[in-house]
Amino acid sequence: MSKKILGIGNAIVDVFVKVDDDFLLKNNLTKGSMKLLEKQEFESLKSTIKIEKIEAGGSVANTMVGIAYLGGHPSFIGKVNSDEFGNIYKKSLQKINVNFLYSEKKENLPTGASIIFITPDSERTMCTYLGISSQLAKEDINEDYIKDYEIIILEGYLWDKGISEEMFKHVIQLAKKNNVRIAMSLSDIFCVTRHREDFFKLLKNDLNVLIGNENEINELMQKNNLLDSMNELKNINKLIIITRSENGSVAVLNNEITNCDSIKVEEVLDLTGAGDLFAAGFLKEYLDKSNIKKCLQTGSKLAAQVIQKIGARLN
């Protein structure tokens, strides 16, 4: 069995719906944006739509699915309710060989969901209700879940003051105690802006691997360009992976910088999941002890495949 990786993240059901531009206007939705909804808004929107398909989503969950696609043996922890969407979430992951470690129970909030509106021009507009997913607590994670893995990846989205931050620190403590490496994805630039100091401390003190795109990394390092960021990052003895869309990707480890070109594609259908799937390709090779260049290449290959499809699945 190949080496094991555990992902911890927000468990969000992706609900795909085809709509026209009028629907977006009527519901005050800005095309291409991601809007966070309250429970009431979410319920009323849900009652007006015709669902095309539903699958397990969330950034790190998408990465674990990508690793399963490559023949790895990933596990995932994310918080769901024992409701209809919670059951769909669990089955959706198990069906594609991602081991779902969280045991769901009756909760006071529904399973998180993201309604993804696809307009005829392939643009996606998302309305997300975090539900119970944002309440993952340290009580939900015990040492047995963690000690047998080689690497754990957490998503930056999880880091919010209160129970999530406690849970994050709890995982790091257990990982260190059991010599498990810790990786983190930066998730999005607003996330980095909100938690910049915390994320920088994590990078210096706790993480072995950090994955982010060029804008997120510049924001983290408070620099205007990638060259300046990389010069600073060289002084931090960590593996830092930076994705740069059509400009390829870079890995920084001590003084060594490895560059990799992106893979040109005929037509981009949907950019969702590109970063998540890049991380999947990279981490799978990294676990298999491939050299850094090959890790970057497999990451690029998966990212190129997923942007030619609708959704974050490769099959």
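Here the structure is a predicted model, which means the values were calculated and not measured.

Novice: Help me understand the pattern of salt bridges in this model?
Specialist: When the charged atoms of two side chains lie near each other, side chains of opposite charge can form a pair. Counted under the stated rule, the structure contains 19 salt bridges. Close ionic contact of Glu-165 with Lys-169 constitutes a salt bridge, the shortest N to O distance being 2.8 Å. Here the residue Glu-165 and the residue Lys-169 both occupy positions in helix 6 (residues 163-177), the gap between them amounting to four residues, near one helical turn. Across the pair Asp-288 and Lys-284 runs a salt bridge, and its minimum N-O distance is 2.6 Å. Judged by relative accessible area, which is 11%, Lys-284 ranks as buried.

Novice: Looking at this structure, how should I read the sheet that holds strand 6 (residues 99-100)?
Specialist: With mixed pairing, nine strands are arranged side by side in an open sheet as 6-5-1-9-10-11-12-13-14. If you trace the sheet from one side to the other, it starts and ends with strand 6 and strand 14 (256-260), each paired once. Note: strand 9 (residues 151-155) against strand 10 (residues 181-185), five bridges, orientation parallel. Residue pairing for strand 10: Ile-151 is matched across the bridge by Arg-181. Contacts between helix 6 and the sheet are confined to strand 1 (4-8), strand 9 and strand 10, with strand 9 contributing the most and set at about 165° to the helix. Those strands touched by helix 9 (residues 226-233) are strand 12 (239-243), strand 13 (249-253) and strand 14, and its axis lies near 170° from that of strand 12.

Novice: How do you make sense of the side chain of Asp-140 when you look at a structure like this?
Specialist: Its location among the elements puts Asp-140 in the loop between strand 8 (124-129) and helix 5 (143-146). Look past the residues within four positions of Asp-140 in its chain and what remains in contact with it is Lys-79, Tyr-102, Lys-105, Gln-135 and Tyr-145.

Novice: Hey, could you run me through the environment of Leu-269 in this one?
Specialist: Counting through the fold element by element, Leu-269 comes out in the loop between strand 14 and helix 10 (274-287). Judged by relative accessible area, which is 27%, Leu-269 ranks as partly exposed. Taking the C-alpha atoms as reference, Leu-269 lies 5.7 Å from Lys-309; in sequence the two are 40 residues apart. Beyond its immediate stretch of four places on either side in the chain, Leu-269 contacts Ser-122, Ile-307, Gln-308, Lys-309 and Ile-310.

Novice: What is the right way to look at the nonpolar core in this model?
Specialist: The nonpolar side chains of soluble globular proteins are, as a tendency, buried together. By size, the foremost hydrophobic cluster in this structure holds 99 residues, and its most contacted members are Ile-8, Phe-76, Tyr-89 and Phe-117. Broken down by element, this core gets its largest block of residues, nine residues, from helix 10. Once residues within four sequence positions are removed from consideration, Ile-8 is found in contact with Val-60, Phe-76, Ile-77, Leu-136, Ile-141, Ile-152, Ile-153, Leu-154, Glu-155, Leu-158, Met-167 and Val-171.

Novice: What is the right way to look at the packing of helix 10 against helix 11 (residues 292-306) in this model?
Specialist: Two numbers describe a pair of packed helices, the interaxial angle and the distance between the axes. Where helix 10 meets helix 11, the closest approach of the two axes is 7 Å, and the angle between their N-to-C directions is 145°. Read as a crossing pair, helix 10 and helix 11 show a hand that is right-handed. Here helix 10 contributes Ala-274, Leu-277, Phe-278, Ala-280, Gly-281, Phe-282, Glu-285 and Tyr-286 to the contact with helix 11, which in turn contributes Ile-292, Lys-294, Cys-295, Leu-296, Thr-298, Gly-299, Ser-300, Leu-302, Ala-303 and Val-306.

Novice: Would you explain the packing of aromatic side chains in this entry?
Specialist: Remark: the centre distance and the inter-plane angle together describe each pair of aromatic rings, the angle taken between the planes. Counted by the stated rule, this structure contains eight aromatic pairs. Here the aromatic rings of Phe-76 and Phe-100 are separated by 6.3 Å at their centres, their planes lie at 20°, and the arrangement is stacked. Of this pair, Phe-76 sits in strand 5 (residues 73-77) while Phe-100 sits in strand 6; the two residues are 24 residues apart in sequence, bridging distant segments of the chain. Phe-100 shares its class with Phe-76; the two are buried. Ring centres of Tyr-89 and Phe-100 lie 5.8 Å apart, and the angle between their planes is 55°; this geometry places the pair in the tilted category.

Novice: When you look at the state of the cysteines in this model, what are you seeing that I'm missing?
Specialist: Covalent bonding between the sulfur atoms of two cysteines is what defines a disulfide. With the rule as written, the count across this model stands at zero disulfides. Of all cysteine sulfurs in the structure, the one in Cys-127 sits closest to Cys-191, which takes part in no disulfide; the separation is 19 Å. A relative accessible area of 0% means that Cys-191 is categorised as buried. Looking at Cys-295, it has no disulfide partner, and the nearest cysteine sulfur is the one in Cys-260, 10 Å off.

Reading guide: rules and limits
- Residues numbered from 1 in each chain as written.
- Predicted model: local features only at pLDDT ≥ 70, side-chain atom pairs only at ≥ 80, totals over all residues.
- Heavy atoms only, no water.
- Salt bridge = Lys/Arg side-chain N within 4 Å of Asp/Glu carboxyl O.
- Helix = DSSP H or I, 4+ residues; strand = E, 2+ residues; numbered from the N terminus.
- Buried < 20%, exposed > 50% of the residue type's maximum accessible area, 1.4 Å probe, protein only.
- Pairing = 2+ DSSP bridges.
- Contact = heavy atoms within 4.5 Å.
- Axes fitted to C-alpha atoms, helices over the stretch in contact; angles between N-to-C directions.
- Core = buried A, V, L, I, M, F, W, Y, C linked by side-chain atoms within 4.5 Å.
- Left-handed = near helix turned anticlockwise from the far one by under 90°.
- Phe/Tyr/Trp six-rings, centres within 6.5 Å; stacked < 30°, edge-to-face > 60°.
- Disulfide = S-S within 2.5 Å.

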